[in-house]
Amino acid sequence: FRSVIVFGLMSGAYSGFSLHLFLHYTDTGISDAQAAALLSFTAIVAVISKPLGGWLVDRFGARTATLALVGGCAMAMVSYALAGSIQTLYVSGALFGLTFGGFVPVQAALFSRLFPDAAFGRVYGSARLCMFPVVSGWTPLIGYVHDVTGSYLAMFRIGATVFLIAGILVYAMLPRSF
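Residues numbered from 1 in each chain as written. Predicted model: local features only at pLDDT ≥ 70, side-chain atom pairs only at ≥ 80, totals over all residues. Heavy atoms only, no water.

Time to look at the overall build of the protein chain. Secondary structure summary: the protein chain contains eight helices and zero strands in total. Helices and strands appear in the protein chain in the N-to-C order α-α-α-α-α-α-α-α. For 178 residues, the compact-globule estimate of 2.2 N^0.38 gives 16 Å, and the C-alpha radius of gyration of the protein chain, at 16 Å, lies within 12% of that figure. Counting only C-alpha atoms and orienting by the principal axes, one finds that the protein chain spans roughly 50 × 30 × 25 Å. Residue burial in the protein chain is summarised as follows: out of 178 residues, 44% are buried. For the protein chain, contacts bridging at least 24 residues in sequence account for 76% of all contacts bridging at least 6. For the protein chain, the accessible surface area stands at approximately 8,600 Å², while carbon and sulfur atoms represent 70% of it. Computed over 9 positive and 5 negative side-chain charges, the separation of the two mean positions in the protein chain equals 17 Å. (Helix = DSSP H or I, 4+ residues; strand = E, 2+ residues; numbered from the N terminus. Rg over C-alpha atoms; globule rule 2.2 N^0.38 Å. Buried < 20%, exposed > 50% of the residue type's maximum accessible area, 1.4 Å probe, protein only. Contact = heavy atoms within 4.5 Å. Areas by Shrake-Rupley, 256 points an atom, 1.4 Å probe, with all protein chains shown as cover. Lys, Arg positive; Asp, Glu negative; His and termini not counted. Charge placed at Lys NZ, Arg CZ, Asp CG, Glu CD.)

Following the sequence through the fold, Ser112 ends up in helix 6 (residues 103-114). Using a relative accessible area of 31% as the deciding quantity, one classes Ser112 as partly exposed. Residues Ser112 and Tyr124, spaced 12 residues apart in sequence, show a C-alpha to C-alpha distance of 8.4 Å.

The subject of this paragraph is the packing of aromatic side chains. Counted under the stated rule, the structure contains 10 aromatic pairs. Aromatic pair Tyr25 and Tyr80: ring centres 6.2 Å apart, planes at 40°, arrangement tilted. A residue pair is termed long-range when its members are at least 10 positions apart, and Tyr25 in helix 1 (residues 2-27) and Tyr80 in helix 4 (residues 62-82) qualify at 55 residues. Residues Tyr80 and Phe156 carry aromatic rings whose centres are separated by 5.2 Å and whose planes lie at 15° to one another, so their mutual orientation is stacked. Taken together, the positions of Tyr80 in helix 4 and Phe156 in helix 8 (residues 153-173) put the pair 76 residues apart, joining distant regions of the chain. The same class applies to Tyr80 as to Phe156, namely buried. Ring pairing ties together the aromatic residues Phe17, Tyr25, Tyr80, Phe96, Phe100, Phe103, Trp138, Phe156 and Phe163, which thus form one cluster. (Phe/Tyr/Trp six-rings, centres within 6.5 Å; stacked < 30°, edge-to-face > 60°.)

This next bit is on helix 8. Between its terminal C-alpha atoms helix 8 stretches 30 Å, which fits the 30 Å expected from 21 residues at 1.5 Å a residue. Regarding helix 8, the residues found buried are Met155, Phe156, Gly159, Ala160, Val162, Phe163, Ala166, Gly167, Val170 and Met173. For helix 8, the arc enclosing every buried residue in end-on projection is 165°, short of the 170-degree limit, so these residues lie on one face. When the buried face of helix 8 is taken as reference, the exposed residues oriented beyond 90 degrees from it are Arg157, Leu164, Ile168 and Ala172. (Expected span 1.5 Å × (residues − 1). Arc of directions from axis to C-beta.)

The next thing to look at is the layout of surface pockets. The volume enclosed by the largest pocket comes to roughly 190 Å³. Along its surface, the largest pocket is lined by 14 residues, and Ser11, Tyr14, Phe103, Val104 and Arg128 are the ones closest to its centre. Of all the secondary-structure elements, those providing two or more residues to the lining of the largest pocket are helix 1, helix 6 and helix 7 (117-149). Counting residues per element, the lining of the largest pocket draws most heavily on helix 7, which supplies five residues. Considering only residue class, the lining of the largest pocket consists of nine nonpolar, three polar and two charged. (1 Å grid on protein atoms, 1.4 Å probe; cavity = no way out; pocket = protein on both sides within 12 Å on 5 of 7 lines; lining within 4 Å. Points joined across faces, edges and corners; volume = space filled by probe spheres on them. Nonpolar A, V, L, I, M, F, W, Y, C, P; charged D, E, K, R; others polar.)

Dropping the structure here:
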């Protein structure tokens, strides 16, 4: 159950923030073209970094890989909150893409270690279904907070806090041998 919460929060944050990044970029005063280029850069980093997640699991184990990515997610949120120029937004975008790119392979590896092979497909599919309410709530929540505050800053702070909590849950729920 805790793994559903942890990965539901991460999937929701990734999806929600991904949909709002363009608006955040333009809110900082950069042009639509610059925002589109920055969003494309973030997406390219995410695609290129997918093998990183697999490598982290193979090299350090699923628990350590998950903790590293959760920590990276928290740092990406803080980075976005502090970014004050297009250059620092590129750094934030690279960190966001890097951590979330490795997220999917790490999630699958973690679930494969938590459950026996014969049950993996059923459990993984059921877990994804259970994550749906958590995942689907992020996008409107981010939009609502932006509409109320006039900024994404509060959501980046909330996102960083959620990732820190997710890290604590991962640390507490998984044995070191994972």
